[in-house]
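# Structural overview for review
Single-letter residue listing:
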Amino acid sequence: MLSQTVFWRIAEEIPKKLAWTLMFLSIAIPILLWWVISNTGLIPSLFLPTPGEVWGAFQRLLASGDLQKDIAFSLFRVIAGFSLAAIVSIPLGTLMGTFPSIRALLEPIIGIVRYMPAPAFIPLLILYLGLGEIPKIMLIFIGTLFFNTLMVMDAVKFVPQHLLETTYTLGGQRKQVLLQVILPFILPNIIDACRVNMAASWNLVIVSELVAATEGLGRRISVAQRYLKTDEIFAGLIVIGLIGLGIDLLFRLLLRVSCKWAKD
Amino acid sequence: MLSQTVFWRIAEEIPKKLAWTLMFLSIAIPILLWWVISNTGLIPSLFLPTPGEVWGAFQRLLASGDLQKDIAFSLFRVIAGFSLAAIVSIPLGTLMGTFPSIRALLEPIIGIVRYMPAPAFIPLLILYLGLGEIPKIMLIFIGTLFFNTLMVMDAVKFVPQHLLETTYTLGGQRKQVLLQVILPFILPNIIDACRVNMAASWNLVIVSELVAATEGLGRRISVAQRYLKTDEIFAGLIVIGLIGLGIDLLFRLLLRVSCKWAKD
Amino acid sequence: TPNQQTSTPQNPNTSVKTALISVGFSAWPGWFPWQVSQEEKLFETNKVNVDLKWFDGYLDSINALRAGQLNANTQTLNDTISSVAAGSDQVIVLINDNSTGNDKIIVREGINSIADLKGKKVAVEEGTVDHFLLLLGLQKAGLTQADIQFQPLETGAASAAFVAGQVDAVGVFAPFTTKALSRSGSKELFSSKDFPGAIPDHLVVTRKLINERPQDVQALINTWFATLDFIKASPDKAYEIMAKRAGVSVAEYKAYNSGTKIFSIEDNLQAFSPGKDMKSLSYAAEKISKFLVEAGLTKQAPNLQKVFDDRFVKAYAAKQKS
Amino acid sequence: MHLEVNQLHKQFQTKRGLLTVLKNINLYVEEGEFVCAVGASGCGKSTLLRSIAGLDIPTAGNILVDGVRVTGPGCDRGMVFQSYTLYPWMSVMENVAFGLKLQGVPQAKRRQQAAYYLEVVGLSEFAKALPQELSGGMKQRVAIARALASKPKILLMDEPFGALDVQTKESMQQFLLEIWRTTNTTILMITHDVEEAIFLSQRIYVLSARPGTIKQELQIQLPNKSDPQIKRYHIFQKYKDQVMSLLTDGSMPVFCTEGESHSG
Amino acid sequence: MHLEVNQLHKQFQTKRGLLTVLKNINLYVEEGEFVCAVGASGCGKSTLLRSIAGLDIPTAGNILVDGVRVTGPGCDRGMVFQSYTLYPWMSVMENVAFGLKLQGVPQAKRRQQAAYYLEVVGLSEFAKALPQELSGGMKQRVAIARALASKPKILLMDEPFGALDVQTKESMQQFLLEIWRTTNTTILMITHDVEEAIFLSQRIYVLSARPGTIKQELQIQLPNKSDPQIKRYHIFQKYKDQVMSLLTDGSMPVFCTEGESHSG
Ligand SMILES: Nc1ncnc2c1ncn2[C@@H]1O[C@H](COP(=O)(O)OP(=O)(O)OP(=O)(O)O)[C@@H](O)[C@H]1O
Ligand SMILES: Nc1ncnc2c1ncn2[C@@H]1O[C@H](COP(=O)(O)OP(=O)(O)OP(=O)(O)O)[C@@H](O)[C@H]1O
Ligand SMILES: [Mg+2]
Ligand SMILES: [Mg+2]
């Protein structure tokens, strides 16, 4: 007979209190480990700064106003690049998912191009778009576009055939089916795909800010790398992680507010 | 009444012949466009080489044996890094999807870390792992791990509750449910997640080969960038794209062979 | 798409009305003076409208010039030759400095001669002056790159790898030299001081700029020498500006000074004239060019005839005399 | 309204070759009639209804609605599927009004009409609820209201009460008869439940097993349908025996291996 | 085997507060008995069965199997769900043998036993087929064979024939009776179909609407179950009337708004 358990419950809820404790430990244990290891002095602080040193770097950057500027610039670039990618990929993915013909027309080329590393496009982007914000944004755009398109496309697969047929029998035309049935149905999946791929955009922030950026979190990290200011690298990474977490929660909120009908 | 159409069919098959024609056009049109634009001479070949020049570079690299070596090294690194990521992320994602407690324990920290750009870890990887193959492989590993974990975790959501309950009533223990029911059920999704994330691994090949690589497609591209050998950049990108396409098709084949029961 | 055109001049009070020139520069003691020109408004004084663009990555500045996103850039001779070889039309109009020790090959304890490098791991950023310096050193000892374990790494990463003990030697330029030397027992094996004239740094402009707006190029050169005068006149202020740009203290900055020989107008005139040793730029260029081809870094030797243009330094010298 | 199906043939291309599903189907439905079609599982009932709805294209033969040939789906033929295909993101009111929206009826008017049909199906107080808040029977009623709201010439129903429990099913049958009487709609309904067919319809078509042909047409004349005891009447039982024996061909297999007969 | 349910209470925590689903349930099943439970939709039948299976934990009261208290699911209580929950990646044979595999029975022996039960359900020739190649009735038979193969002390069935068409359903009923007689299994079955309950069982529990209580216990004595005309017998009709009136309380609502009554 199956034994009773709380921790090893499968696909059942666990008590709220346990869940919160575990989530707290999820953050606390790594920080504690970091604190212990870095304070033993076994690893020189050049390679692994202590939490205190990183906190110091964080405060230093904050006091000088650099961090705020970095955050503002990087946020702007990532959000701009990501939004552009979303604006293109959502209709594109929906069309590809809806019409097998458009899928046949675009899938092979996208299948090839999506494997090409975004950093390879830097010289071409500089060439055509200069050194301003546009090439940086475009790099993030390119690096996010294809993943998002494919994930949106996959979502359309889950629209029940009956829903489409019902719409036809109610007198719906193809365009109406697309805009008034398929699109609202996959909206939760679109939001979820965007949530996942926002991280892909952030992963490009360093590469994109290699393009003649004078501020930004990615640039801060790469300069810190050059001069081996490990504390600043860590501070930059942690700030990016926390911003990411915040954006993630915002997307979840958006999903909850805009798609009440969808189960989480 | 809904008009009849072939091209604009929604969620219906289109004739095989049309599909193949469109797929051919998908590759042919971009190549043609490239050929026309590059041959007008409007854009200097320093910035946009002609297909002929790229073909020349390709043959040159092939003749010298460099390309074969580059492909071998990059393939090795990407596959090693990706496989490591798969080996960790598949059990991890499955555990997180299966046990809400493990999910609570790991999701917050993964949620933060996955936003951190992989290139930021280069100095740390060099410090801890040196300059050999290991830091290159680890970079790809880090960059792929979290996406794959989350996608595997999401797949577990789709295991029907009834399947688990049936197993319990047949006398199944939790471990058996995990290994003999959940895992085989999500296998097709795991293969699909791996297919998508293989592209993420390839996207890191340039960055990872910045770590003291003397060969590899990524390194070939960055050296070509350095010396403005645009034809070699293009040749490298196209080779990566084609390898990617090949791997993609292999994954689809694997899915078909190993999961005959899954609908495509 | 040069967005520079649309941006407003820094100082609307001056009567400078010429189109904006974008000039790139990056971290090198010989180039930090441009920051002084900017902050002391010496561009305006010399009636040139400059958008001075700082690059964290030197490589990016080279790419930007090639891509036509800059009108001028500060770079080293070997990079200029590579660019020209790749088909970019660039002209050297001013020599800022020669490296006289700021480029170093630094080794760990136990390596005492160039010959000892044989079979050792040496990290250096591929295609940079330090790569060039390393190869020059190896050549002198009768070795080639094949005799060492070459580790191509970005300069910052290279010095980090050296400090972490991952490599036996490293080729870096200031200020990364300081960091590399922080590894205990490490020392300088040789430096650019041992190869005078091999590593000149200069201002490169596009041919288009020379053809269309020679007077602006002249003004740039005038500004440079005016800046050198300013540094001489008020060194404290100038060093403060330069140290800040470099991200180091004034004391540290001054330490780099000896490793770079800033070129006066006389040095410029001499370097631009033909000669049979490395003091002559054209002679050095020939050597470097040959070297790059032999190392397989460029496909063919570029035509170096049109790379040098000494008329602007000459004009400045003439004006000084009069 | 006059529906006519002439010499309808339908074949499907399957892996094992051509599968003839419908053969020589001739039938008609008059204005205001309530006709049922019964037949073994897999005999092609759904295919027949889908062909009439314009969702499947017949291999041969034609379907005429008021003399006009059917070439695709349209709002003149409303359809109610077995599964409750409501739009999950729309409120009950919006679901009912959706057909009118597709046809461009202005907001105020369609709200008014939808409200009327919600009244008819007795769900006025649930106008603002989401489909997921409704029970199965309620969802099915919304689907019927939605089909009725577009004022189709004929209402096609494919086993609409198959998934309901006995009690709900009986009340839904009563309710459908009420609707039919009140709105005077023409109805063609498919069912597995012989009692249901006899109870509801004026005429029954009995289809043979695959390939489906019309085996018999039966006129049903029951004295008093509103009598809850009607199923006990001798005449009711006689009809039932007649249909059952037509369906089972006298034999009732126990260990039959149905082959691929259950689908649709 | 002796199943005993004593004073069973079950409440669910819902958004609107505590929902009492089962109240004061007392019942028993003897060795070799075939017992049915009928009740309105939402009265808690599934909850009752799930509690016996150990899948739901009662709020109060206890369940004893041979005097041992039930605390979780186990293979002594086999379960057949309404939806055919076969493991889609296993062949029919593997599905049937899976319970034995979970219990560690060696391969050869479990194949032999599975083959026997496949023989019993008449599906020997489909041993190698995948579930998706089977019709609904065949799938249900595999599910029954699988439950039987683990030799449970009692077979619990939750509306096993709800989704089948009339013809298949009748043959499945015959078949289940056969099995029951041949294997002498103890069966507790839940159904909506009153005729089914009378036809199959020796005893019927009629449950009241929510909160479910046992309204009546009925001993069924039919002379000759194998007579296909049995449903016409007067005694059969009398039993049916009795159960129906218990269920409907004499009233048969037409426009009932079922509230949240349809679920589970
Ligand atoms: N798109 C299709 N491709 C191939 N075969 C099909 C297709 N649609 C239906 N069939 C086949 O046609 C036959 C009739 O199917 P249909 O769904 O019309 O039966 P049905 O009478 O509605 O059965 P049920 O009572 O089980 O719903 C089945 O054998 C089915 O497998
Ligand atoms: N996990 C749960 N949480 C909250 N309420 C539940 C849960 N499971 C069942 N219920 C509620 O308990 C009641 C009884 O459900 P149950 O599924 O047992 O009914 P049932 O008699 O099997 O109905 P049906 O005949 O429709 O299957 C329903 O009102 C249902 O909403
Ligand atoms: Mg059907
Ligand atoms: Mg139930």
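Residues numbered from 1 in each chain as written. Chains lettered and ligands numbered in written order. Predicted model: local features only at pLDDT ≥ 70, side-chain atom pairs only at ≥ 80, totals over all residues. Heavy atoms only, no water.

## Observations regarding the site of ligand 2
All names here are of chain E.
- Surveying the vicinity of ligand 2 reveals 17 residues, the closest of which are Ser-41, Gly-42, Ser-46, Thr-47 and Arg-210.
- With respect to ligand 2, the side chain of Ser-46 contributes an N or O atom lying 2.6 Å from an oxygen atom.
- His-192 is positioned with one of its side-chain polar atoms (N or O) 3.0 Å from an oxygen atom of ligand 2.
- Burial of ligand 2 by the protein amounts to 78% of the accessible area it has alone, namely 630 Å².
- Secondary-structure elements contributing two or more residues to the shell around ligand 2 are strand S1 (2–14), strand S2 (17–30) and helix H1 (45–53).
- Looking at which element gives the most residues to the shell around ligand 2, the answer is H1, with three residues. (Near = heavy atom within 4 Å. Polar contact = N/O pair within 3.5 Å; in protein donor to acceptor, adjacent residues only side chain to side chain. Areas by Shrake-Rupley, 256 points an atom, 1.4 Å probe, with all protein chains shown as cover. Helix = DSSP H or I, 4+ residues; strand = E, 2+ residues; numbered from the N terminus.)

## Structural notes on the domain arrangement of chain D
Residues and elements named next belong to chain D.
- Here chain D is partitioned into domain 1 (1–76 + 154–264) and domain 2 (82–151).
- For domain 1 versus domain 2, the distance between C-alpha centres works out to 25 Å.
- Facing 16 residues of domain 1, the contacting portion of domain 2 comprises 13 residues.
- Buried area between domain 1 and domain 2, summed over both chains or domains, comes out near 1,200 Å², and the portion from carbon and sulfur atoms is 74%.
- Remark: the boundary between domain 1 and domain 2 carries zero salt bridges.
- The interface formed by domain 1 and domain 2 contains two residue pairs in polar contact (both at pLDDT 80 or more).
- Among the secondary structure elements, those contributing two or more residues to the side of domain 1 that touches domain 2 are strand S7 (154–158) and helix H5 (166–183).
- Here the element with the most residues in the side of domain 1 that touches domain 2 is H5; it accounts for five residues. (Domains from an automatic or database assignment. Contact = heavy atoms within 4.5 Å. Buried area = accessible area lost by both parts, 1.4 Å probe. Salt bridge = Lys/Arg side-chain N within 4 Å of Asp/Glu carboxyl O.)

## Some thoughts on helix H9 (residues 214–233) of chain C
- With 20 residues, H9(C) extends 29 Å between its outermost C-alpha atoms, agreeing within 8% with the 28 Å of an ideal straight helix rising 1.5 Å per residue.
- Where burial is concerned, most of H9(C) is hidden: 14 out of the 20 residues are buried. (Expected span 1.5 Å × (residues − 1). Buried < 20%, exposed > 50% of the residue type's maximum accessible area, 1.4 Å probe, protein only.)

## With respect to the environment of Leu228(A)
Residues and elements named next belong to chain A.
- Structurally, the position occupied by Leu-228 is in the loop between helix H10 (217–226) and helix H11 (230–258).
- Classification of Leu-228 as buried rests on a relative accessible area of 5%.
- Between the C-alpha atom of Leu-228 and that of Met-198, which follows or precedes it by 30 residues, the distance is 28 Å.

## Regarding helix H5 (residues 122–129) of chain A
- Taking burial as the measure, the eight residues of H5(A) include six buried ones, the bulk of the element.
- For H5(A), the full list of buried residues reads Ile122(A), Pro123(A), Leu124(A), Leu125(A), Ile126(A) and Leu127(A).
- Tucked into the core, H5(A) has its buried residues touching helix H6 (133–156) and helix H9 (205–208) of chain A, helix H10 (217–226) and helix H11 (230–258) of chain B together with helix H3 (58–66) of chain C.
- At the exit of H5(A) stands Gly130(A), carrying a positive phi of roughly 80°.

## As for the UniProt feature "transmembrane region" (unreviewed entry) in chain A
All names here are of chain A.
- Within the UniProt annotation, "transmembrane region" (unreviewed entry) is assigned to residues 18–37, 71–92, 112–131, 137–156 and 233–255.
- Taken end to end, residues 71–92 comprises 100% helix and 0% strand; its first and last C-alpha atoms sit 31 Å apart.
- For residues 233–255, the end-to-end C-alpha separation is 33 Å, with 100% helix and 0% strand making up the annotated structure. (UniProt positions renumbered as here; feature names shortened; annotations may be inferred.)

## Description of the interface of chain A and chain B
- The partner chain B presents 80 residues to the 81 residues of chain A that form the contact.
- With both sides pooled, the region where chain A packs onto chain B buries about 7,200 Å², and carbon together with sulfur makes up 69% of that total.
- Of all residues in chain A, Ile10(A), Tyr115(A) and Arg174(A) give up the largest surface area on contact with chain B, accounting jointly for 12% of the area buried on that side.
- The interface formed by chain A and chain B includes four salt bridges.
- Notably, a salt bridge pairs Glu107(B) with Arg252(A), separated by 3.6 Å at the nearest N-O pair.
- Counting across the interface, chain A meets chain B through 19 residue pairs in polar contact (both at pLDDT 80 or more).
- Examining the composition of the side of chain A that touches chain B, we find that 12 residues originate from one element, H11(A), more than from any other.

## Comments concerning the pattern of salt bridges
- Under the definition given, this model contains 53 salt bridges over all chains.
- In this structure, the salt-bridge partner of Arg103(B) is Glu107(B), at a minimum N-O distance of 3.3 Å. You can see Arg103(B) and its partner Glu107(B) sitting in helix H4 (residues 100–113), four residues apart, about one turn around the helix.
- According to the relative accessible area criterion, Arg103(B) is partly exposed, its value standing at 27%.
- A salt bridge links Arg50(E) to Glu165(B), with the nearest nitrogen and oxygen atoms 2.6 Å apart. Of this pair, Arg50(E) sits in helix H1 while Glu165(B) sits in helix H7 (residues 161–169), each in a different chain.
- Accessibility expressed as a relative area gives 19% for Arg50(E), which makes it buried.

## Remarks on the relation of the copies chain A and chain B
- Least-squares fitting of chain A to chain B yields an RMSD of 0.2 Å, with the superposition described by an axial translation of 0.1 Å and a rotation of 180°. Classification of the inter-copy transformation places it as that of a two-fold axis.
- A high fraction, 99%, of the interface residues of chain A reappear at the interface in chain B, so the copies pair face to face through one surface. (Least-squares fit on C-alpha atoms with pLDDT ≥ 70 in both.)

## Thoughts on the sheet that holds strand S7 (residues 149–152) of chain C
Residue and element names in this part refer to chain C.
- Sheet architecture is open: five strands sit in the order S7-S6-S8-S5-S9, paired in mixed fashion. The two strands at the open ends of the sheet, each matched to only one other strand, are S7 and strand S9 (187–191). Averaged over all neighbouring strand pairs, the angle between strand axes comes to 25°, with direction disregarded.
- Pairing geometry for strand S5 (residues 103–107) and S9, over four bridges, is antiparallel. In the strand pairing of S9, Val-107 is matched with Lys-187. (Pairing = 2+ DSSP bridges. Axes fitted to C-alpha atoms, helices over the stretch in contact; angles between N-to-C directions.)

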